[in-house]
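# Structural overview
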Amino acid sequence: MPNYYPVFLNLNKVPCLVVGGGEVAYRKTEALLPCGAEVTVISPELYPSLQQLQETKQVTWICKTYQAGDCQGFQMVISATDQ
């Protein structure tokens, strides 16, 4: 049986970056929002449900491919891309 290391983070008003715009990125974003995280998504395209979050200003979208250094200023970064 594996040993698990539990992690509890206070993400209220914490700038978080999700790299990727697909279904996995949507699920990760959906989990961050109820915690009060300030979510930015970097991706050239967005999954329809993620697009709705952007349109309702629940997330900030940067329409581009991730480049080295884009994670500066974020306290948490989630990679949700297959690249």
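It should be emphasised that the depicted structure is a prediction, and the values quoted were computed from it without experimental measurement. (Residues numbered from 1 in each chain as written. Predicted model: local features only at pLDDT ≥ 70, side-chain atom pairs only at ≥ 80, totals over all residues. Heavy atoms only, no water.)

## Observations concerning the side chain of Thr-29
Within the secondary structure, Thr-29 is located in helix α1 (residues 23-32). Polar contacts involving the side chain of Thr-29 include one to the main-chain carbonyl oxygen of Ala-25, which spans 2.8 Å. Not counting the four nearest positions on each side in its chain, Thr-29 is found in contact with Val-18, Val-39, Val-41, Leu-50, Leu-53 and Val-59. (Helix = DSSP H or I, 4+ residues; strand = E, 2+ residues; numbered from the N terminus. Polar contact = N/O pair within 3.5 Å; in protein donor to acceptor, adjacent residues only side chain to side chain. Contact = heavy atoms within 4.5 Å.)

## Considering the pairing of strand β2 (residues 38-42)
Burial analysis of β2 places four of its five residues in the buried class, the great majority of the element. Summarising the sheet, strand β1 (residues 15-19) and β2 pair through five bridges and their orientation is parallel. Each bridged residue has a counterpart across the sheet, and for Cys-16 the counterpart in β2 is Val-39. In this region the chain leaves β1, passes through α1 and returns to the parallel neighbour β2; the handedness of that crossover is right-handed. Pairing geometry for β2 and strand β3 (residues 60-62), over three bridges, is parallel. Directly across from Ile-42, in β3, lies its bridge partner Ile-62. (Buried < 20%, exposed > 50% of the residue type's maximum accessible area, 1.4 Å probe, protein only. Pairing = 2+ DSSP bridges. Right-handed = clockwise from strand over helix to strand, strands pointing away.)

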